[in-house]
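Structural characterization, general
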Amino acid sequence: MQTLWLSLILSATLAAVCGQALAGETRTAQILDRFGHANQWRDHVMIAAHRAGSMQAGKTLYAENSLAAVEGSIEVGAEIVEVDVRRSKDGEFVIMHDSWLDRTTTCKGEVVNYTLAELKKCRLVVEGTDAVTNETVSTLREMLTATRDRILINLDNKLEVKDLPGMIAVARDLGMTDQVIVKENLWSRQRIDAAHTALAEAGGGFQFMPILADDAVHDAGFAHEVGRAFSPRAVELINWRNGAEMLTATGGPLFSTRMRAEAVRGDWHLWADTYAIVNKPGGYLAGGRGDELAVAAGMPRESWGFWADRGATIIQTDEPKAAIDWLTANGYRVPYSTDVKPAEPARTASIN
């Protein structure tokens, strides 16, 4: 009996120590652990906020790719923010989705025709509201600094593969390469080789995520080849919706049983995209099962739930708060230790 009690005490002590160690980790460290060990976290769906996360409940609250949007995404609990990278006329990396400034700033014309000093006079606007913010176009360095040790950042390269080493150099200078995810579309052996060359020049320490789209990649065999070349921690899969056909019933050729098996063998995440594309059908990257279906139509299970049930453990969305709330309420997310609030002291009546 004494041995049993000693064992129980030892187990309780170890559990307490482990719990304290976990609670002592920053949320970013926990996110990195979940991102880097997909097989241990298949029961948790991470959220990537598209263009830093500008929307809530169908309404645009922040300018896209803005520091304000980043703060909003951190506040609601997203694990990743995705931003777009271009160059100014004088060669500085800046955060901007379009090649032109007209849609998202108070300026007009091509980004590449403006120096950084000139871009700093362009104020960001909240699309669809005509609201002009006090924020100007951010540099890559400014955006990375804002996210450092707070949330992972996914850089969508709007330039060439050969520009990746320069972006990584900025992150390396800030000591945060491990928090940066870069990605490129891959569809052929030649494309794999080009990406491999650029990434080798960039050095190690960062995360590379291949993007596979089912207009060019039709089965998991190519994903196996990509996995051998890069050992990624996540692969972004696109199920194109062409025209106005019915919602996908399967997730397309890439969200297959074999692809899920490849993901388990490689210990990498399946990344699905539910965000909207301007002037394209709803769910254009998600077989029709996008954010519009989840929010406007009120059918989140047919969107976010559908992709989670087909193995997606990262979903990129324009609606990070709504997605996190629904996924949490329906058992698709595991709380972080930093999410747990300390218990309030008991309030009992005095007997004195």
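Residues numbered from 1 in each chain as written. Predicted model: local features only at pLDDT ≥ 70, side-chain atom pairs only at ≥ 80, totals over all residues. Heavy atoms only, no water.

**Concerning the pattern of salt bridges**
Throughout the structure, instances matching the rule amount to 18 salt bridges. Residues glutamate 64 and arginine 103 are paired through a salt bridge, measuring 2.9 Å at the closest nitrogen-oxygen approach. Residue glutamate 64 is located in the loop between strand 3 (59-60) and helix 3 (67-76), and its partner arginine 103 is located in the loop between strand 5 (93-95) and helix 4 (116-119); the two are separated by 39 residues in the primary sequence. A relative accessible area of 19% means that arginine 103 is categorised as buried. Two residues, glutamate 142 and lysine 120, come together in a salt bridge whose shortest N-O distance is 2.7 Å. (Salt bridge = Lys/Arg side-chain N within 4 Å of Asp/Glu carboxyl O. Helix = DSSP H or I, 4+ residues; strand = E, 2+ residues; numbered from the N terminus. Buried < 20%, exposed > 50% of the residue type's maximum accessible area, 1.4 Å probe, protein only.)

**Concerning the environment of aspartate 178**
If you trace the backbone, aspartate 178 turns up in the loop between helix 6 (164-173) and strand 9 (180-185). Separated by 25 residues in sequence, aspartate 178 and isoleucine 153 have C-alpha atoms that sit 9.8 Å apart. Excluding residues within four positions of it along the chain, aspartate 178 makes contact with Leu32, Gly205 and Gln207. (Contact = heavy atoms within 4.5 Å.)

**A closer look at the side chain of glutamate 319**
The topology assignment puts glutamate 319 in the loop between strand 13 (312-317) and helix 12 (320-329). Buried within the structure, glutamate 319 lacks any salt-bridge partner; lysine 321 is the closest side chain of opposite charge, at an N-O distance of 8.9 Å. A distance of 2.6 Å separates the side chain of glutamate 319 from the backbone nitrogen of glycine 58, its partner in a polar contact. When sequence neighbours within four positions are dropped, the list of residues in contact with glutamate 319 reads Met55, Gln56, Ala57, Gly58, Asp291, Val295 and Trp304. (Lys, Arg positive; Asp, Glu negative; His and termini not counted. Polar contact = N/O pair within 3.5 Å; in protein donor to acceptor, adjacent residues only side chain to side chain.)

**Describing the environment of alanine 146**
Looking at the secondary structure, you find alanine 146 in helix 5 (residues 140-147). Accessibility expressed as a relative area gives 19% for alanine 146, which makes it buried. Measuring from C-alpha to C-alpha, the distance between alanine 146 and leucine 67 comes to 7.2 Å, with 79 residues separating the pair along the chain.

**Describing the layout of surface pockets**
Over the atoms, a rolling probe the size of a water molecule traces out where space has been left empty. Each pocket or cavity is described by its volume, and for the largest pocket that value is around 550 Å³. As for the largest pocket, its lining consists of 26 residues, of which His97, Asp156, Lys158, Tyr275 and Ile277 are closest to the centre. Looking at the lining of the largest pocket, the elements with two or more residues in it are strand 4 (80-87), strand 8 (152-157), strand 9 and strand 11 (234-238). The residue inventory of the lining of the largest pocket, partitioned by class, reads nine nonpolar, six polar and 11 charged. Space inside the second largest pocket adds up to approximately 370 Å³. Around the second largest pocket sit 20 residues that line it, and Ser54, Met55, Thr60, Ala276 and Asp318 are the ones nearest its centre. A total of three residues in the lining of the second largest pocket trace back to one element, the largest contributor, which is helix 10 (residues 291-295). Of the residues that constitute the lining of the second largest pocket, the class distribution is seven nonpolar, five polar and eight charged. (1 Å grid on protein atoms, 1.4 Å probe; cavity = no way out; pocket = protein on both sides within 12 Å on 5 of 7 lines; lining within 4 Å. Points joined across faces, edges and corners; volume = space filled by probe spheres on them. Nonpolar A, V, L, I, M, F, W, Y, C, P; charged D, E, K, R; others polar.)

**Here's the deal with the packing of aromatic side chains**
Using the criterion set out here, one finds five aromatic pairs in the structure. Their ring planes at 55° and their centres at 4.8 Å tell us that phenylalanine 208 and phenylalanine 230 sit as a pair that is tilted. Taken together, the residues span a long stretch of sequence, with phenylalanine 208 in strand 10 (residues 207-213) and phenylalanine 230 in helix 8 (residues 220-230) at a distance of 22 residues. For the pair shown, phenylalanine 208 and phenylalanine 230 are each scored as buried. Between phenylalanine 306 and tryptophan 307 the ring centres are 4.9 Å apart and the planes differ by 85°, which places this aromatic pair in the edge-to-face class. When sorted by exposure, phenylalanine 306 lands in the same class as tryptophan 307, which is buried. One aromatic cluster is present, built from ring pairs that chain together Phe255, Phe306 and Trp307. Stacked on the ring of tryptophan 41, the Lys or Arg arginine 34 has its end atom at 4.0 Å from the ring centre. Above the face of the tyrosine 336 ring, arginine 34 is positioned so that its terminal group lies 3.7 Å from the ring centre. (Phe/Tyr/Trp six-rings, centres within 6.5 Å; stacked < 30°, edge-to-face > 60°. Lys NZ or Arg CZ within 6 Å of the ring centre and 35° of its normal.)

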